Amino acid sequence: MDAIRFERNKLLLLDQRFLPTEVIYLEYSDWRTAANAIKDMVVRGAPAIGAVAAFAIAMAADELKNADATAFFSGMTMAAAGLKSARPTAVNLAWAVERMLKVAKSQVGSSPAQIAGILLMEAKQIAQEDREINKKIGDFGAELIPDNARVLTHCNAGALATVGYGTALGVIRSAVAAGKQVSVYADETRPYLQGSRLTAWELSRENISVTIIADNMAGFLMKQKKIDLVIVGADRIAANGDAANKIGTYSLAVLAAAHQLPFYVAAPFSTFDLTLETGEEIPIEERCETELTHFYGKRIAPEGVGCYNPSFDVTPANYLTAIITEAGVIYCPTRDKLQSFFKEAGYDRR
Ligand code: MRU
């Protein structure tokens, strides 16, 4: 079940707000409505929103294809800003938009119509690369998963959060494909329930053993020795290895350290933001308070109480056993290790 499809010149998004009870695809051909789909969580997950933003930039170019060059580029700049502001934490969004703009600007002498065609190809390329990258992450990560592993994950870093295969769940998929027995505990992931709604749905459809727990149960399970390792995705990783991910990830990392359990982050290069020295600089999205005060439209908290709803937290690098990327595994990440890893991988941040 693809989260993102591009068919007959239309972007189709699986509406994740209604999973697991309803499987509905919504159609997009305008960048503004695609930006709203990102904002409203029709599509979510760092690599997935990056890919959608790339298609949205291609849609903006198509809309402007009959404009003159000045109007074309000023329209593109406006679309880029609108898309980038849709969600602030996952850097894959800005990364994809910047990559698309760079391609547009490199087409000196081409008409807006020609550039629009090239941008659509680039968006397809970003989507295709994401699948391939996730498979590579999966294969590197699978080496770290012992047979019969009981793995705890948080939020959804699966096929639904990417163009396909997933990052953290991709590692689990690859371990299973390699013949290992893996059973997964999925944190339900309050308040938006990406774990119980999405991760549990995605894994159970593939017959990968999955058990939902409430977020506050993880420590108890670790103490009971029911968990062998934790693996999560990331939304933005700073130059020193500090990693932002769904709220609750930091608590899990602290718990894992207290129980001497490995704690892995699986993420593509597009999730790294080497312009930020530390995780302190990562912008943290705050979402609306009804996510806390209401449940499926019904109020569950008293009227008038204060609410604070940060959607992400930052896990300091010293809590990470390793970061699993498409070019290999960075153990005990530090600024120096990240720097030499990227240098060796010849990573050119496009
Ligand atoms: O708010 P969401 O659902 O977009 O948050 C998603 C996460 O935190 C994921 O773990 C992260 O984006 C990695 S997805 C491969």
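Throughout this document, residue positions are counted from 1 along each chain, in the order its sequence is written. Per-residue local features are limited, in this predicted model, to residues with pLDDT of at least 70; the limit for side-chain atom pairs, both in listing and counting, is 80 or more; totals at the level of whole chains, interfaces and linings are taken over all residues. To get the side-chain values, take all heavy atoms of the structure and skip hydrogens and water.

1. Focus: the overall build of the chain
Then step 1. Broken down by element type, the chain carries 11 helices and 16 strands.
Then step 2. Seen through its principal axes, the chain has C-alpha atoms that stretch 65 × 55 × 40 Å.
Then step 3. Throughout, a residue-residue contact means that at least one pair of heavy atoms, one from each residue, lies within 4.5 Å. For the chain, contacts bridging at least 24 residues in sequence account for 75% of all contacts bridging at least 6.
Then step 4. Total accessible area computed for the chain in this model is approximately 14900 Å², and 53% of it derives from carbon and sulfur atoms.
Then step 5. Once the 36 positive and 40 negative side-chain charges of the chain are each reduced to a mean point, those two points are 2 Å apart. Going along the chain from the N terminus, every DSSP run of H or I of four or more residues is numbered as a helix, and every run of E of two or more is numbered as a strand. Residue exposure ignores everything except the shown protein chains as possible cover, and the areas themselves are Shrake-Rupley values with a 1.4 Å probe. His is not counted, nor are the chain ends, whereas Lys and Arg count as positive and Asp and Glu as negative. Every charge is mapped onto a representative atom, which is NZ of Lys, CZ of Arg, CG of Asp or CD of Glu.

2. Some details on the sheet that holds strand β5 (residues 182–187)
Then step 1. What the 7 strands build is an open sheet, ordered β6-β5-β4-β7-β10-β15-β16; its pairing is mixed. Of all strands in the sheet, those with a lone pairing partner are β6 (209–213) and β16 (328–331), marking the two edges. Sheet twist, expressed as the mean angle between neighbouring strand axes with direction ignored, is 25°.
Then step 2. Two strands pair if DSSP finds at least two bridges between them. Pairing of strand β7 (residues 229–232) with strand β10 (residues 263–266), which is carried by 3 bridges, proceeds in the parallel orientation. Counterpart to I231 in the pairing with β10 is Y264. With axes taken as lines fitted to C-alpha atoms, and helix axes fitted only over the stretch in contact, angles between N-to-C directions fall between 0 and 180 degrees.

3. Re the sheet that holds strand β1 (residues 4–7)
Then step 1. Read across the sheet, 3 strands follow the order β1-β2-β3 without closing on themselves; strand pairing throughout is antiparallel. Across the chains shown, the open sheet's two edge strands, defined by having one partner strand only, are β1 and β3 (25–28). Direction aside, the axes of adjacent strands within the sheet are offset by 25° on average.
Then step 2. As paired elements, β1 and strand β2 (residues 10–14) share 4 bridges and run antiparallel to each other. Residue pairing across strands places I4 opposite L13, the latter belonging to β2.
Then step 3. Contacts from helix α2 (residues 46–63) reach β1, β2 and β3, with the element oriented near 25° to β1.

4. Here we look at the site of the ligand
Then step 1. Note on definitions. A residue lies near a molecule or strand when any single heavy atom of the residue is within 4 Å of it. In the neighbourhood of the ligand, 18 residues make up the surrounding shell, with R44, R87, Q194, N245 and K246 lying closest.
Then step 2. Here a polar contact means two N or O atoms within 3.5 Å. Within protein one must be a hydrogen donor candidate and the other an acceptor candidate, and residues neighboring in sequence count only if both atoms are side-chain atoms. Here an oxygen atom of the ligand and a backbone polar atom of G45 are 2.9 Å apart.
Then step 3. Between an oxygen atom of the ligand and a side-chain N or O atom of D235, the distance comes to 2.9 Å.
Then step 4. Compared with its free state, where it exposes 420 Å², the ligand has 99% of that area covered by protein.
Then step 5. Only protein atoms enter the 1 Å grid used here. Points where a 1.4 Å probe fits but cannot escape make up a cavity, open sets with protein on both sides within 12 Å along at least five of seven lines make up a pocket, and a residue lines them when an atom lies within 4 Å of a point. The way we define it, a molecule is inside a pocket or cavity when more than half of its atoms are within 2 Å of that pocket's grid points. If you map the ligand onto the pockets, it falls in the largest cavity.
Then step 6. Going through the elements one at a time, α2 and β9 (243–246) are the ones with two or more residues in the shell around the ligand.
Then step 7. Here the shell around the ligand is composed, by residue class, of 8 nonpolar, 6 polar and 4 charged. Any residue that is not Ala, Val, Leu, Ile, Met, Phe, Trp, Tyr, Cys, Pro, Asp, Glu, Lys or Arg is counted as polar, Gly included; the first ten are nonpolar and the last four charged.

5. Notes on the packing of helix α4 (residues 91–106) against helix α5 (residues 112–142)
Then step 1. At a closest axis distance of 10 Å, the pairing of α4 and α5 adopts a crossing angle of 145°. Two packed elements cross with a definite hand, and for α4 against α5 that hand is right-handed. Contacts between α4 and α5 involve W95, A96, R99, M100, V103 and A104 from the first element and I115, I118, L119, E122, A123, Q125, I126 and E129 from the second.
Then step 2. For the contact of α4 with α5, the per-class residue count stands at 10 nonpolar, 1 polar and 3 charged. Handedness of each helix crossing follows the sense of rotation of the near helix against the far helix: counterclockwise by less than a right angle gives left-handed, clockwise gives right-handed.

6. As for unusual backbone geometry
Then step 1. For the bond from L19 to P20, the omega torsion is 5°, close enough to zero to count as cis.
Then step 2. Tracing the sequence through the fold places P20 in the loop between β2 and β3.
Then step 3. Here the amide bond leading from R190 into P191 is cis, since omega sits at 0°, within 30 degrees of zero.
Then step 4. Mapped onto the secondary structure, P191 falls in the loop between β5 and α7 (194–205).

7. Some details on the pairing of β6
Side-chain positions along a regular strand alternate between the two faces of the sheet.
Then step 1. Relative to β6, β5 is paired through 5 bridges, and the arrangement is parallel. Residue pairing in the sheet places D187 in a bridge with I213 of β6.
Then step 2. In this fold, β5 hands off to α7, which returns the chain to β6; that crossover is right-handed. The handedness of a crossover follows from its direction of travel: if, with the strands pointing away from the viewer, the path from the first strand over the helix to the second runs clockwise, the crossover is right-handed.

8. Examining the pattern of salt bridges
Then step 1. Salt bridges are identified by distance alone: a Lys or Arg side-chain nitrogen within 4 Å of an Asp or Glu carboxyl oxygen. Counted according to the given criterion, the structure contains 19 salt bridges.
Then step 2. When the shortest N-O distance is used, the salt bridge between D15 and R17 registers 2.7 Å.
Then step 3. When its relative accessible area of 2% is taken as the criterion, D15 is described as buried.
Then step 4. Buried means the residue's accessible area, taken with a 1.4 Å probe over protein chains only, is under 20% of the maximum for its type, while exposed means over 50%, and partly exposed covers the values in between. On the basis of relative accessible area, R17 is assigned to the partly exposed category, the value being 30%.
Then step 5. R173 is paired through a salt bridge with E206; the nearest N and O atoms lie 2.7 Å apart. Of this pair, R173 sits in helix α6 (residues 168–177) while E206 sits in the loop between α7 and β6, and the two are 33 residues apart along the sequence.
Then step 6. A relative accessible area of 8% places R173 in the buried class.
Then step 7. It is possible to trace a salt-bridge network through shared partners that takes in R87, E285, R287 and E291.

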